[in-house]
Amino acid sequence: MRRKRYRAGFLGGVAILSLAAMSSARADDSDPQEFTQIERGRYLAITSDCVSCHTVAGAKPFAGGRAIETPFGYITAPNITPDLETGIGAWSDEAFDAAVRRGIRPNGARLYPAMPYNAYAKMSRDDVQAIRAYLNSVEPARNAVVANTLPFPFNIRATMRIWNSLYFKEGEFKPDPTKSAVWNRGAFLVDGPAHCGACHTPKTFLGGDRLDQYLQGSYLQGWSAPDITNDRRVGLGEWTVEDVATYLKSGHNTITAATGPMAEAVSLSTSHMTDEDTQAIATYLKSLPGKDSGDKPLPADTGTMTAGAAIYRDQCSACHGIEGRGVPGLFPSVANSSMVRSKDPTTAIRIVLRGARSVGTSKEPTAPGMPSYGWQLENGQVAAVLNYIRNSWGGAAPAIEAGDVNRVRSDTASRPD
Amino acid sequence: MKTSNSASTALRRRELLAGAAMLVFSATTVRAATITGQLPWTPNAGNPPPRIKLGPWEFFTGEEGRAMEALADRIIPVDPETPGGKESGCAIFVDRQLAGSYGRQEGLYLRPPFQTGTRNQGHQSEKGPAQEYREGLAALDRACKGAFGEPFADVPDNDKDLVLKGLESGEIKLEGVDGKSFLAKIVRDVQMGFFADPIYGGNRDMVAWKMIGYPGARYNYLDWVGRHNERFPLPPVSMTGSAQWTR
Amino acid sequence: MPRRLPKKDVVIVGFGWTGAIMANELTDEGLDVIAIERGPWRDAPTDFPPSYMQDELRYRVRHELFLRPDQLTFTFRNRMNQAALPIRSWGAFMPPNGVGGGGVHWNAEMWRFLPSDFVLKTHLTERYGASFLPEDMTIQDWGITYDELEPSYDRFEYLCGTSGTAGNIKGKIQEGGNPFEGPRSRAYPTPAQAQPFSHTLFGNAARELGYKPFPQPSGNLSQAYTNPLGLRMGPCTYCGFCEWFGCSNYSKASPQTTILPYLVRKPNFALRDKSEVVRINLDRSGKRATGVTFVDSSGEEWEQQADLVILSAFALFNVQLLLHSNIGQPYDPVTNTGVVGRNYTHQTMSTVNGFFDNKKFNFNPFIASGAIGMCIDEFNGDNFDHGPHGFVGGGYMGQVQTGARPIESTLVPPGTPKWGADWKKAVKDNYLSTVKPGGGVHGSFYAYRDIYLDLDPAYKDRFGRPLMRITMDLKENEIKQNKFLTDKFAEIIKAMGAEKLAVQYRTAPYDITVYQTTHLNGGAIMGTDPKTSALNRYLQSWDVPNLFVLGASAFPQNPGYNPTLTVGALAFWAADAIRSQYLKNPGRLVDA
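Note on numbering: residues in each chain are counted from 1, in written sequence order. Key to labels: chains lettered from A, ligands numbered from 1, both in the order written. A pLDDT threshold of at least 70 governs which residues receive local features in this predicted model, and a stricter bar of 80 or more applies before side-chain atom pairs are shown or counted, although totals over entire chains, interfaces and linings include all residues.

Looking at the overall build of chain C
What counts is decided by this rule: To qualify as a helix, a DSSP run of H or I must reach at least 4 residues; to qualify as a strand, a run of E must reach at least 2; elements of each kind are numbered from the N terminus. To get the radius of gyration, use the C-alpha atoms; to get the globule rule, take the number of residues to the power 0.38 and multiply by 2.2 Å. In this scheme every C-beta is placed from the backbone, and a residue whose C-beta has 20 or more other C-beta atoms within 10 Å is buried, one with 12 or fewer is exposed, and one in between is partly exposed. The contact criterion used is a C-beta to C-beta distance within 7 Å, with each C-beta placed from the backbone.
Along its length, chain C carries 15 helices and 24 strands. Over its C-alpha atoms chain C spans a radius of gyration of 23 Å, differing by no more than 12% from the 25 Å that the globule rule assigns to 592 residues. Each of the three principal axes of chain C carries a C-alpha extent, and together these read 70 × 55 × 50 Å. Evaluated residue by residue, chain C yields a buried proportion of 64% over its 592 residues. Relative to all contacts within chain C whose residues are 6 or more apart in sequence, the contacts with residues 24 or more apart total 76%.

Below is the structure:
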């Protein structure tokens, strides 16, 4: 028996009728007050991390207005609370699904892939309907968002047709029958709701995924997201499945800690996943073979390495230890840090320059911070100490130059995070 | 050394699903803040010490500067292994300190009435270090001109030492200035500049630290705690690094 | 007219150790808590990083982490017949300012008091007779015993991850620990720190002289540790920049490392920094606190109402706020009436520096932690027969050298000129081979009738309120105690192999200009009699039952140990009384 949903912001009898008409039009739409569906939707919204992009710090959840930085400019995330006028309360369930899984708005306009619809496409109709039911249950917020903020020519949404033809593959996740249920669950989460590739897969100049470098790390928003395949040197190769799951659950493990945008992903999304799901994601990622770059370490007696060794001993060893192993759960190990050895050293450089605060979760509340060294170390010295860390204790990575550091320094100068 | 400049620049994620409250905080503001939900954080946070600028005196007049350099070289004379006070930059140190918050007595309680108390009730004069140096150096030069016909800086070194010893014992008095406490102050400040981090102008190139075997601004000695009675081999490092940091 | 803020269940005045402990306990109880701290928020990565923390000039000489006298200070005199003058620049002690309070810059020396310390009056009277005590000595029993406090001692030690070797577990004396300590329920959470060279030598020398040396219990941890709140700490790396400095690498126990990251996540906790409480407000009956008035950094006045007020602003500021808020009768030493300001005490500190042959000894003295050192307790409390000596009290002693920062640690042997070529050479020859214990002798300071706190008649603070006046001197009892202890200490330094000694006794008059410690105690003491104490045994104000006053202001007198472990234990003890008794039935916990 369908129960009419009573909601604040009702305009009158006509509205009730039309809403009733809309909501009763599809027999397979679920009852929005059904607890199980809303709970399922809430969990799916967590794994999809909707709240992160669709919320401005300090404002109401899901009310939109946050500027998402893309290589093409800023896109403003819309209000997805059930508010009738400024949110998506008036959308049909069909329309919602079209937006989430096909990137199409009710008026036919295209969404930009900052909304990761190409990942969410992996979810099923039922999944999305559950998310809809959950979003319908959150508090409506009045917040009119101006969505079109990209510069010309990217503000012409019609160009998205071309983009979609290149990069968008419609279709739900199809499990691989040769793999375990746990693996398949992990694959679904990674490629679907958790949309890890949005940050961790490098992009073409048009912003589409480079599938030949799937999950091998990418640059975005002033950070380099590391390789999360099982690569020994720059990926998760030295982590156990448990290490990966613990990291997702608590933001920390014996080797490293989440900071920057990943701190946000942990705090809002992965730390709230079930243990089974974080295990599944870990299992899946660890199954992806690395590319084994075959880099040779820089010789220890070059100028940049000896300077780096001195700087390391004099400064970094205070927390990261004389042997580079840090303190498990407190100070990341730089000796076997895949992030530090990434081909793109942006994150390592900016952490040294600006400092960093690691995430605090209920499992790991300490949230230790790293101080900023940008005032103390010149660009060449930052390069030297990173070269030393990247190429010592069995590690190897391409040399960083002072110019690389300077680029990050100027790029991040006006960033607030 | 620069920090973000707007109160709302720290983007924070709300712990919605745990129900914790938001934090909007900037470590750079002087304003009182309410802290809740998360530990405060901004990039480039912190307050590193400003480096002094070499060049003209910022507090001393030319004559005072000469006198101070001469004093520094008597308090810490040159020897074959280690520079003296002047070359180490001790006079520069004192000059920059007097030009700064120390000289201006910032943060001290300076309300009246000013009364003389017992010695162990502490400094009760309105005069701060800046004024005391000004008056003291002038009185010293006056006394030397009277006794030797020249200001302190031009008096022969042996006589300089006699003057200082006389001030120390109280045998030599300065006009309008307590010579004994003035000398004690100069000795303390010059030696302080000698041993402070080079960022403050003295201890140039860490010469004092090299002299005594102090390894400087290091933090981790875990591999040395158990090595008893062995010479620590690493050279000193200051807050701005060392020669070893050059590529 | 102050602006009113929404009412809270609890307002906490001052946010150091005791404020943080109480905030954590009461938020766990579900109460809505706001803490108000006069100074700024501070934390390791943002305020004391290893890149510029090791700045002796800035943090030790210019004491940048501390309160500025211009913001608040005191006046001082030795005797009642003198005029008190303002402490215009800190000397003998240095009050903290900022989130974490003294817990940020302390040495983390973690000492329990002796069982006899808590019943001092009774104990000494029984053993030596009332006439053995000086006539003007006003020591008292605390109203609580060591055994009652033991679980709270244990809680604080485990919160901090304290590194030590137990000396007495449930009555059984343990090898390598302090044989004089009161019985503890279990071992320390982490092993004692490794001792550098000179500290080890002291232990050897003491042992050879027949003493039982043991490692000083340390809140600078010997290894990585996760505390009961799930907070992680790292191992101390012996940087030698402990007291006066914040710890850069999460290895010194502080509110920041042991409580705050966990506490700040709770939705029912908020903290206002840079806001100075100027008054605790009472209702018309004068028997109930309604909240506090505070001034923020822009000068704006606010009123924070609350049902329960916790005063945890550091001993001196606690007493001052009580005086300014007219809570409790001010102490008058002439008539011997009143309680607020009574029994003010400090610590009797001295040391012996030893100069060794630099061809035989290289101490690498810059390698040290804040609570390092081998110590002996044979001469503390009433651990020895005082009968032949004519004084009471005592202290621990040890080679507790915490580092060798060069501005302060370039000592020269007695007789060396203070400047010039000879001085320079002596500095060079002696730096690595000098033993400079710092607080080598750490003696008790008992209470006296004319050592007290009250309001100054002449000098005012920036709000126009009278400054608090300190009347303090060293009495013959403490001078005798100190001479005895220092001579014993000198014997051990000599036995280590020192060629020359510089013995520095603590003598009268009490000098406000030379640093001793900031162990300032009393003024709002706990006890069993409202006529001679301001607080009952739960640190609840006798006069205003919804006010608790935490800190060393509660100590009736000061034993021969560092105070902080007892200060924290009492905070846990009071929190427990609030949670298990007061909240169920607000009102007086103890009948007068």
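Section: the overall build of chain A
Each helix and strand counted, chain A has 16 helices and 6 strands in total. Relative to the compact-globule value of 22 Å for 417 residues, chain A shows a C-alpha radius of gyration of 23 Å, a close match. By its C-alpha atoms, chain A is 80 × 45 × 40 Å across when sized along the principal axes. The burial tally for chain A puts 52% of its 417 residues in the buried class. Partitioning the intrachain contacts of chain A with sequence separation of at least 6 by distance along the chain shows that 65% fall at a separation of at least 24.

Some details on the domain arrangement of chain A
Many structure descriptions define interface size as the accessible area lost when the parts assemble. Residues and elements named next belong to chain A. Threshold: Note that the domain bounds were set by an automatic or database domain assignment.
For chain A, the assigned domains read domain 1 (13-143), domain 2 (181-286) and domain 3 (303-412). Taking the mean C-alpha position of each, domain 1 and domain 2 sit 24 Å from one another. Taken together, the contact pairs 17 residues of domain 1 with 17 residues of domain 2. Every element with two or more residues in the side of domain 1 that touches domain 2 is listed here: α2 (35-48), α3 (50-53), β1 (67-70) and α5 (117-120). With 4 residues, α2 is the largest single contributor of residues to the side of domain 1 that touches domain 2.

Things to note about the sheet that holds strand β4 (residues 85-86) of chain C
Residue and element names in this part refer to chain C. Put simply, the test is: Paired strands, as defined in this entry, are two strands with at least two bridges between them according to DSSP.
Here we have 4 strands laid out as an open sheet, ordered β4-β3-β21-β20, and mixed in their pairing. Both outer strands of the open sheet, β4 and β20 (452-460), are each paired with one neighbouring strand and no more. Pairing of strand β3 (residues 74-77) with strand β21 (residues 466-471) involves 4 bridges; the strand directions are parallel. Of the residues in β21, the one forming a bridge with T75 is R469.

Focus on the interface of chain B and chain C
Test applied: Note that Gly is not counted as nonpolar here; it falls among the polar residues with everything else outside the nonpolar set of Ala, Val, Leu, Ile, Met, Phe, Trp, Tyr, Cys and Pro and the charged set of Asp, Glu, Lys and Arg.
Taken together, the contacts link 66 residues of chain B with 74 residues of chain C. Mapped by element, the contributors of at least two residues to the side of chain B that touches chain C are β1 (34-35), α1 (62-75), α6 (179-195) and α7 (207-212) of chain B. In terms of residue count, the dominant contributor to the side of chain B that touches chain C is α7 of chain B (4 residues). A class-by-class count of the residues in the side of chain B that touches chain C yields 38 nonpolar, 19 polar and 9 charged. Across 2 bridges, the pairing between β1 of chain B and strand β10 (residues 269-272) of chain C is antiparallel. Note that in β10 of chain C the partner of T34 of chain B across the bridge is R272 of chain C.

So, the interface of chain B and chain A
Listed by partner, the interface residues are 33 residues for chain B and 36 residues for chain A. In terms of residue class, the side of chain B that touches chain A is made up of 16 nonpolar, 10 polar and 7 charged.

A closer look at the pairing of β21 of chain C
Within β21 of chain C, 5 of the 6 residues are buried, which leaves it mostly tucked inside the rest of the structure. Hairpin remark: β20 of chain C followed by β21 of chain C, antiparallel, with 5 residues in the connecting loop; positive phi at G464 of chain C, about 85 degrees.

Thoughts on the domain arrangement of chain C
All names here are of chain C. For chain C, the assigned domains are domain 1 (1-163 + 253-346 + 445-470 + 514-592) and domain 2 (166-216 + 348-443 + 473-509). The straight-line distance from the C-alpha centre of domain 1 to that of domain 2 is 29 Å. Listed per partner, the contact involves 39 residues of domain 1 and 39 residues of domain 2. Going through the elements one at a time, α3 (56-61), α5 (115-118), α6 (120-128) and α7 (146-160) are the ones with two or more residues in the side of domain 1 that touches domain 2. Residue classes in the side of domain 1 that touches domain 2 are distributed as 19 nonpolar, 10 polar and 10 charged.

Quick word on the packing of helix α15 (residues 379-390) of chain A against helix α16 (residues 402-412) of chain A
Residues and elements named next belong to chain A. Convention followed: Helix axes are fitted only over the stretch in contact, all axes being lines through C-alpha atoms; the angle between N-to-C directions runs from 0 to 180 degrees. Roughly parallel here means an angle under 35 degrees, roughly antiparallel means over 145, roughly perpendicular means 65 to 115, and every remaining angle is called oblique. Working rule for handedness: look at the near helix, and if it is turned counterclockwise from the far one by less than a right angle, call the crossing left-handed; if clockwise, right-handed.
The interhelical angle for the contact between α15 and α16, taken along N-to-C directions, is 110 degrees, at an axis separation of 8 Å. With respect to α16, the axis of α15 lies roughly perpendicular. The handedness of the crossing between α15 and α16 is right-handed. Where α15 abuts α16, its residues N379, G380, V382 and A383 lie against A402, D404, V405, N406 and R409. Counted by class, the contact of α15 with α16 contains 4 nonpolar, 3 polar and 2 charged residues.

Re the nonpolar core
Residues and elements named next belong to chain C. Test applied: By convention in this section, buried Ala, Val, Leu, Ile, Met, Phe, Trp, Tyr and Cys residues joined through C-beta atoms within 7 Å make up a nonpolar core.
In terms of nonpolar packing, the biggest core is built from 336 residues, with I12, V13, V309 and L311 touching the most fellow members. Broken down by element, the residue count for this core peaks at 11 residues, all from helix α15 (residues 564-582). Setting aside residues no more than four positions away along its own chain, L311 makes contact with V13, I280, N318, L321, L547, F548, V549 and L550.

Structural notes on unusual backbone geometry
In this chain, P112 of chain B is followed by P113 of chain B through a cis amide linkage whose omega measures 5 degrees. For P113 of chain B, the location among the structural elements is in the loop between α3 (90-99) and α4 (129-148). One non-glycine residue with positive phi stands out, namely H195 of chain A, at about 35 degrees. Looking at where H195 of chain A falls in the secondary structure, it is placed in the loop between α8 (181-191) and α9 (197-200). The exposure class of H195 of chain A is buried, given the 23 C-beta atoms found within 10 Å.

Considerations on the confidence of the model for chain A
Definition in use: A residue's pLDDT is the predictor's confidence in that residue, given on a scale from 0 to 100.
Taken as a whole, chain A shows an average pLDDT of 89; of its residues, 92% reach a score of 70 or greater. Taken together, the stretch residues 1-28 of chain A has pLDDT below 50 and engages in 17 contacts with residues farther than four places along the chain or on a different chain.

Remarks on α16 of chain A
All names here are of chain A. The condition that has to hold: Within this analysis, the arc is defined by the directions that extend from the helix axis to the C-beta atoms.
Buried within α16 are the following residues: V405, V408 and T412. With its buried residues spanning 65 degrees around the axis, α16 presents them on a single face. Seen from the buried face of α16, the exposed residues on the opposite side, beyond 90 degrees, are G403 and S410. The elements touched by buried residues of α16 are α14 (346-354) and α15.

What to know about the confidence of the model for chain C
On average, residues of chain C score 97 in pLDDT, and 100% of them reach the 70 mark or higher. Interface scoring of the predicted complex returns ipTM 0.95; its pTM is 0.93.

Structural notes on the packing of helix α5 (residues 157-169) of chain B against α6 of chain B
All names here are of chain B. The contact between α5 and α6 brings their axes to 7 Å, and the two run at 115 degrees. Viewed along their axes, α5 and α6 form a crossing whose handedness is left-handed. Contact residues: α5 offers L164, L167 and E168, while α6 offers G179, K180 and L183. Here the contact of α5 with α6 is built from residues that sort into 3 nonpolar, 1 polar and 2 charged.

A short note on the pairing of strand β15 (residues 348-355) of chain C
Within a regular strand, the side chains alternate between the two sheet faces. All names here are of chain C. With 8 of 8 residues buried, β15 is to be regarded as a mostly interior element. Along β15, one buried face is formed by T348, S350, V352 and G354 and the opposite face, lined by M349, T351, N353 and F355, is buried too. Here β15 pairs with strand β19 (residues 441-443) via 3 bridges, running antiparallel. Its bridge partner being in β19, M349 is matched across the sheet by H442. Where β15 meets strand β18 (residues 434-435), 2 bridges bridge the pair, whose relative direction is antiparallel.

Structural notes on the environment of L570 of chain C
All names here are of chain C. Here L570 lies in helix α15. The class for L570 is buried, based on 29 C-beta atoms found within 10 Å. Taking the C-alpha atoms as reference, L570 lies 24 Å from D273; in sequence the two are 297 residues apart. Residue contacts for L570: discarding those within four places in its chain leaves L539, L550 and A554.

Points about the environment of L183 of chain B
Residue and element names in this part refer to chain B. With respect to the helices, strands and loops of the structure, L183 is situated in helix α6. The exposure class assigned to L183 is buried, which follows from the 26 C-beta atoms found within 10 Å. Aside from chain neighbours lying at most four places away, what touches L183 is L164, L167 and E168.

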